[in-house]
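# Understanding the architecture of this molecule
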There are 2 protein chains.
Amino acid sequence: MSERGERPPVVVQKYGGTSVATAERILAIADRIESNLTQTPRLVVVLSAMGSTTDELVGLAHQVSERPEGREMDLLLSTGEQITVSLLGLALQARGISAVSLTALQCGIRTDGVFNFARIRSIDTGRIHEELDSGRVVIVTGFQGINETNDVTTLGRGGSDITGAALAAALGADACEICTDVDGVFSADPSRVPGARLWPAISYEEAIEMASSGAKVLHPRAAEVCMEYDVPIHVRSSFHLREGTWIREGEEIMERAEVISVTSDAKIAKVTLLDVPDEPGLAARVFQDLAAAGINIRLIIQSASSAHQGRITLILDKEFLDGARELVEQWEADKVTSGCVVEDDVAKISIVGSRLASTPGLAARMFAVLAREGINIDCISSSEMKVACVISADRLEEATRSVHAEFFPAGGAEAATA
Amino acid sequence: MSERGERPPVVVQKYGGTSVATAERILAIADRIESNLTQTPRLVVVLSAMGSTTDELVGLAHQVSERPEGREMDLLLSTGEQITVSLLGLALQARGISAVSLTALQCGIRTDGVFNFARIRSIDTGRIHEELDSGRVVIVTGFQGINETNDVTTLGRGGSDITGAALAAALGADACEICTDVDGVFSADPSRVPGARLWPAISYEEAIEMASSGAKVLHPRAAEVCMEYDVPIHVRSSFHLREGTWIREGEEIMERAEVISVTSDAKIAKVTLLDVPDEPGLAARVFQDLAAAGINIRLIIQSASSAHQGRITLILDKEFLDGARELVEQWEADKVTSGCVVEDDVAKISIVGSRLASTPGLAARMFAVLAREGINIDCISSSEMKVACVISADRLEEATRSVHAEFFPAGGAEAATA
């Protein structure tokens, strides 16, 4: 896929929904590109849709259909990026900068056939290189691809990051820049946690784990693609040209810090299947059904005791809740479970760091802080790089600030990085 | 191009901007299609953009560029039809009707390379027939095509009619239905002229002449295409299923009526070139410049006298006025003319009928009515089927009603059709 070295280096810049939210913001991006044009002679820009456009389109779809999804929904949503790329193209041209806006079809982004949650299979970079060779800034619609029959497929939420990463990999880019409304990757969401620290560099694995636990850094699949093709990622502000956070090989922060991030995620829901009979195949059936419905599960907690047969707890993204409710009804009808409890007032708080599992006591410190604040831990999941607790949604902000203060004490900036 | 006879007959239905203006209107179209599905088993629906969407997109474009045009503008505007076809697809699917929404690329509508005003060159009907064979209602984006390099090209104002006609021709359709917010083709705009008469049938030539003189019947190029491929057009209401006006071969209304329509057009402007020197080539230069700028001229009036050398008066659509002003400056600089007068407060009133030119006295009756009302005639143009007068814009409504009353007297409905 990589063509690095055959041509002068390419930079891919991705701008998200808030960076293109209005015509003024699009003009600001045009200014930013213009001011840095000599530094980035071969520039590919990937854009998301304006946030309001997506909301309006989804609203229209719900007015004509109870459950708008599938092929037509993708065709509908894909107009959002077509609008922003056209506008940036017009804005650059109005400044006398040669630019061309390309749709997924025009720049050969091919996906599998799964509507609403497609995966990129290949990118034919011919047209992009042609346009770059002619001295044009190339502007590409994020979030979307084209399947075998030329139908538009979208990549799911945050899909523009994946487009940016895949293009950077296919073009052998010098860097995949994720331009956003914060200055880089922080130890916690800086808009919610005062004193959150900006990291100059982290590893791919740390970025993936942070993104997977709800930090709005970038889409974890985007980081995976860049890791696989060894493309450095630069998460930085779309407002200025100062350096942000580099994500690349050999940037193990863990030699300095044990916990690099406290992340929170309020967009989850919890489904508990009660009294699942201890029969072979029932759990398998549950997960096969979830997979067939395209529902991603974030955490699975299974417990068995004599008191209440088997119990399976699933943590999933709120967007999948409607689909999960339908499965739940089916499972109850088929006696897979005696009943289900669906809760959408839960949230998840996680600590992330490369060697968490091998550093005893870090999880204990997190639990102790939550206990001290009187915040009940509903369930716990941990992996090599992460400890996640499900708690009540209304305690999330408080929990995040307290846990962050534990690992990154105010005024003691060096303490956690010692 | 035609494949008629090889497969069961196809009906093409085109719905314009007001018919898809809101989600409710789109649901109403879905109802209409559902209620008539057994009558139209092979149905191709062509949609325009929601009127408000187009206005919003044009507004956004003007916020980022002083003169948004060309390739990026076409990509931007083409999202409008993508939205409506997706929504109708979702609405039909929600009713359990199998339907598929196709873009110009997906249904192979190929155009020349002229952005903003492209012409359809060919349609590859393979995908459409495939979808129809699978029992689907096929919904196609109007107004747009794809050029050789897969760039989106739009067909200009009213372009969805042309898409409908071209598809009807390519598919050998039984009829091209133009579904609109009036009941058919009237002797004058029924919203402005009380007593305007609905015609059950007119000829292609009459429809073309009426459309060219400003009647909002359908795009004249659409009628030309259907005439060439012998596809009957049915102009009818999008609100109900009653018959409207058929446009087809052998429907010469003129055996019964001399004037079939009084049309008015307020969207014109007038450019007068004063003192054009009587040198060979100057007039040619003027029209070459206009053609190169893509400016269509509706009427040309040239006069010469000893008092003021040559004078050329051009009547053009208001949308071309900015472009014309630029040319005017150039012509003044190059001494093509000593000066120009640009007027945008003018309007055009026309009478249309198949044998106007061979029926002396009809034009005289029109002029007499205008004189009686004290409406000054600025200039006159006539052709075999039309007499057009340019008058002051603020007298247009009055003029239209008076001239219509002359040829279609109230209560004497049969007089004009005798």
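Each residue is numbered by its place in its chain's sequence as written, counting from 1. By the order in which they are written, chains take letters starting at A while ligands take numbers starting at 1. Owing to the predicted nature of the model, reporting of local features is limited to residues with pLDDT of at least 70; listing and counting of side-chain atom pairs is limited to 80 or more, with chain, interface and lining totals taken over all residues.

A word on the overall build of chain A. Within chain A, the secondary structure is distributed over 12 helices and 22 strands. Taking 22 Å as the expected radius of gyration for a compact globule of 418 residues, we find that chain A reaches 23 Å, a close match to that expectation. Across its three principal axes, chain A shows a C-alpha extent of roughly 75 × 55 × 35 Å. When the 418 residues of chain A are sorted by exposure, 49% land in the buried category. Counted over contacts in chain A with a minimum sequence separation of 6, partners at least 24 positions apart contribute 74%. A run of DSSP states H or I qualifies as a helix once it reaches four residues; a run of E qualifies as a strand once it reaches two. Both are numbered from the N-terminal end. We take the radius of gyration over the C-alpha atoms and set the globule estimate at 2.2 Å times the residue count to the 0.38 power. Any residue whose C-beta has 12 or fewer other C-beta atoms within 10 Å is treated as exposed, any with 20 or more as buried, and any in between as partly exposed, C-beta atoms being built from the backbone. Placing a C-beta atom from the backbone of each residue, one calls two residues in contact when those atoms lie within 7 Å.

Now for the interface of chain B and chain A. Chain B puts 29 residues into the contact, and the matching count from chain A is 29 residues. When residue character is reported, Ala, Val, Leu, Ile, Met, Phe, Trp, Tyr, Cys and Pro are called nonpolar, Asp, Glu, Lys and Arg charged, and the others, Gly included, polar. Of the residues belonging to the side of chain B that touches chain A, the class tally is 17 nonpolar, 10 polar and 2 charged.

A few words on the environment of Phe 143 of chain B. Residues and elements named next belong to chain B. Mapped onto the elements, Phe 143 comes out in the loop between β6 (137-141) and β7 (144-146). The exposure class assigned to Phe 143 is buried, which follows from the 28 C-beta atoms found within 10 Å. The residues touching Phe 143, leaving out its near neighbours within four places in the chain, are Ser 48, Glu 81, Thr 154, Leu 155, Gly 159, Ser 160 and Thr 163.

In this section: unusual backbone geometry. A positive phi angle is found at Asn 150 of chain A, which is not glycine, with a value near 65°. In this fold, Asn 150 of chain A is placed in the loop between β7 (144-146) and β8 (152-154). Overall, the presence of 14 C-beta atoms within 10 Å leaves Asn 150 of chain A in the partly exposed class. Non-glycine residue Lys 335 of chain B carries a positive phi angle of around 60°. Counting through the fold element by element, Lys 335 of chain B comes out in the loop between α10 (321-333) and β17 (339-343).

Another point: the nonpolar core. If you look at the biggest cluster of nonpolar residues, it comprises 255 residues, and the most contacted ones within it are Cys 226 of chain A together with Cys 226 of chain B. Look past the residues within four positions of Cys 226 of chain B in its chain and what remains in contact with it is Ala 165, Ala 168, Ala 169, Cys 176, Tyr 204, Val 231 and Ile 233 of chain B. By convention in this section, buried Ala, Val, Leu, Ile, Met, Phe, Trp, Tyr and Cys residues joined through C-beta atoms within 7 Å make up a nonpolar core.

Relative to each other, helix α3 (residues 70-77) of chain A and helix α4 (residues 79-94) of chain B sit at 160°, their axes nearing to 8 Å. The angle between the axes of α3 of chain A and α4 of chain B places the two elements in the roughly antiparallel class. Crossing of α3 of chain A over α4 of chain B shows left-handed handedness. On the side of α3 of chain A, the interface is formed by Glu 72, Met 73, Leu 75 and Leu 76 of chain A, while α4 of chain B contributes Gln 82, Ile 83, Ser 86, Leu 87, Gly 89, Leu 90 and Gln 93 of chain B. Within the contact of α3 of chain A with α4 of chain B, the residues separate by chemical class into 6 nonpolar, 4 polar and 1 charged. Axes here mean lines fitted to C-alpha atoms, for a helix over just the part in contact, with angles spanning 0 to 180 degrees between N-to-C directions. Between 65 and 115 degrees an angle is taken as roughly perpendicular, under 35 as roughly parallel, over 145 as roughly antiparallel, and anywhere else as oblique. Helix crossings are classified by the rotation of the near helix relative to the far one: an anticlockwise turn of less than a right angle makes the crossing left-handed, while a clockwise turn makes it right-handed.

The next thing to look at is the pairing of strand β3 (residues 99-102) of chain B. All names here are of chain B. Along β3, one buried face is formed by Ala 99 and Ser 101 and the opposite face, lined by Val 100 and Leu 102, is buried too. In this structure, β3 lies alongside β6, joined through 4 bridges in parallel fashion. Paired with Ala 99 across the bridge in β6 is Val 137. Two strands qualify as a pair provided DSSP detects at least 2 bridges between them.

Moving on, we come to the relation of the copies chain B and chain A. Laying chain B over chain A is done by rotating through 180° and shifting 0.0 Å along the axis; what remains is an RMSD of 0.1 Å. Classification of the inter-copy transformation places it as that of a two-fold axis. Across chain B, the rotation axis passes nearest the C-alpha of Thr 79 of chain B, at a separation of 2.6 Å. Both copies contact each other with a shared surface, as 100% of the interface residues of chain B are interface residues in chain A too. Overlaid copies result from least-squares superposition on C-alpha atoms, with residues included only where pLDDT is at least 70 in both.

Another point: α4 of chain B. The end-to-end C-alpha distance of α4 of chain B, which contains 16 residues, comes to 22 Å, matching closely the 22 Å that a straight helix rising 1.5 Å per residue would cover. With its phi angle positive at about 80°, Gly 96 of chain B sits one or two positions after the end of α4 of chain B. Expected span of a helix, by definition, is 1.5 Å for each gap between consecutive residues, and there is one gap fewer than residues.

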